[in-house]
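The residues making up each chain are set out below.
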Amino acid sequence: QVRLVESGGGLVQTGGSLRLSCAASGIIFNTNVMGWFRQAPGKQRELVAQITTADFTNYADSVKGRFTISRDNAKITVDLQMNSLKPEDTAVYYCNYRTTAGGDYWGKGTLVTVSS
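Definitions and limits used
Residues numbered from 1 in each chain as written. Predicted model: local features only at pLDDT ≥ 70, side-chain atom pairs only at ≥ 80, totals over all residues. Heavy atoms only, no water. Core = buried A, V, L, I, M, F, W, Y, C linked by side-chain atoms within 4.5 Å. Buried < 20%, exposed > 50% of the residue type's maximum accessible area, 1.4 Å probe, protein only. Contact = heavy atoms within 4.5 Å. Helix = DSSP H or I, 4+ residues; strand = E, 2+ residues; numbered from the N terminus. Polar contact = N/O pair within 3.5 Å; in protein donor to acceptor, adjacent residues only side chain to side chain. Pairing = 2+ DSSP bridges. Phe/Tyr/Trp six-rings, centres within 6.5 Å; stacked < 30°, edge-to-face > 60°. Lys NZ or Arg CZ within 6 Å of the ring centre and 35° of its normal. Disulfide = S-S within 2.5 Å.

Caption draft 1: Structural detail: the nonpolar core. Judged by nonpolar contacts, the single largest core of 30 residues is most densely connected at W36, L80, M82 and Y93. Residues within four places of M82 in sequence aside, it is in contact with G16, S17, L18, L20, R66, F67, Y93 and V112.

Listed below in structure tokens is the structure:
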């Protein structure tokens, strides 16, 4: 089992920045993909960004150029630096951990609110 704990959410004004962090513990696979998803009220959960153990990254078009995902394989953490935040970035952000064996694990989420 993999346990994910997120931190770093909060309230920020339009144009501001926040940094989300997620730490994984438990049974850790050498090859995995860590990422961030978000879910706004009344909307489906959507991908924000992902990063592989080889540091390949994938971003949603809506955050390209504003958000940066990074990871520390030794500490088993993944961070999301969010700059130039917009009100439409308001959502609960979830950390995700996927393994090549088909495991799919989620954190409990952290709320990000961007005020206009």
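Next comes the rest of the write-up.
Caption draft 2: Region of interest: the side chain of N96. Mapped onto the elements, N96 comes out in strand β9 (residues 91–99). On the basis of relative accessibility, which here comes to 1%, the residue N96 falls in the buried class. A distance of 3.0 Å separates a polar atom in the side chain of N96 from the backbone oxygen of Y105. Discounting chain neighbours no more than four positions away, the residues touching N96 are L4, V33, M34, G35, F37, D104, Y105 and W106.

Caption draft 3: A look at the pairing of strand β1 (residues 2–7). Burial along β1 is one-sided: V2, L4 and E6 are buried, while R3, V5 and S7, pointing the other way, are not. Where β1 and strand β3 (residues 18–26) come together, six bridges link them in antiparallel fashion. Along β3, the bridge assignment pairs V2 with G26.

Caption draft 4: Summary view of the packing of aromatic side chains. Evaluated as defined, the whole model comprises two aromatic pairs. Ring geometry for F37 versus W106: centroids 5.0 Å apart, planes at 70°, classification edge-to-face. Of the two residues, F37 sits in strand β4 (residues 32–39) while W106 sits in strand β10 (residues 104–106), which places them 69 residues apart along the sequence. Residue classification places W106 among the partly exposed residues on the basis of a relative accessible area of 31%. When the centroid spacing of 6.3 Å and the interplanar angle of 55° are considered together, the rings of Y97 and Y105 count as tilted. For Y105, a relative accessible area of 18% translates into the label buried. Sitting over the ring of W106, R45 keeps its end group 4.6 Å from the ring centre.

Caption draft 5: Seen up close, the state of the cysteines. All told, the structure shown has one disulfide when counted by the stated rule. Here C22 connects covalently by a disulfide to C95, the sulfurs 2.0 Å from one another. The sign of the S-S torsion, about -85°, decides the handedness of the disulfide formed by C22 and C95: left-handed. Placement of C22 in strand β3 and of C95 in strand β9 is noted, with a sequence separation of 73 residues between them. One exposure class covers both C22 and C95, and it is buried.

Caption draft 6: Structural view of the environment of G103. Counting through the fold element by element, G103 comes out in the loop between β9 and β10. Residue classification places G103 among the buried positions, given a relative accessible area of 16%. Taking the C-alpha atoms as reference, G103 lies 28 Å from D89; in sequence the two are 14 residues apart. If we ignore the near neighbours within four places in the chain, the residues touching G103 are Y97 and R98.

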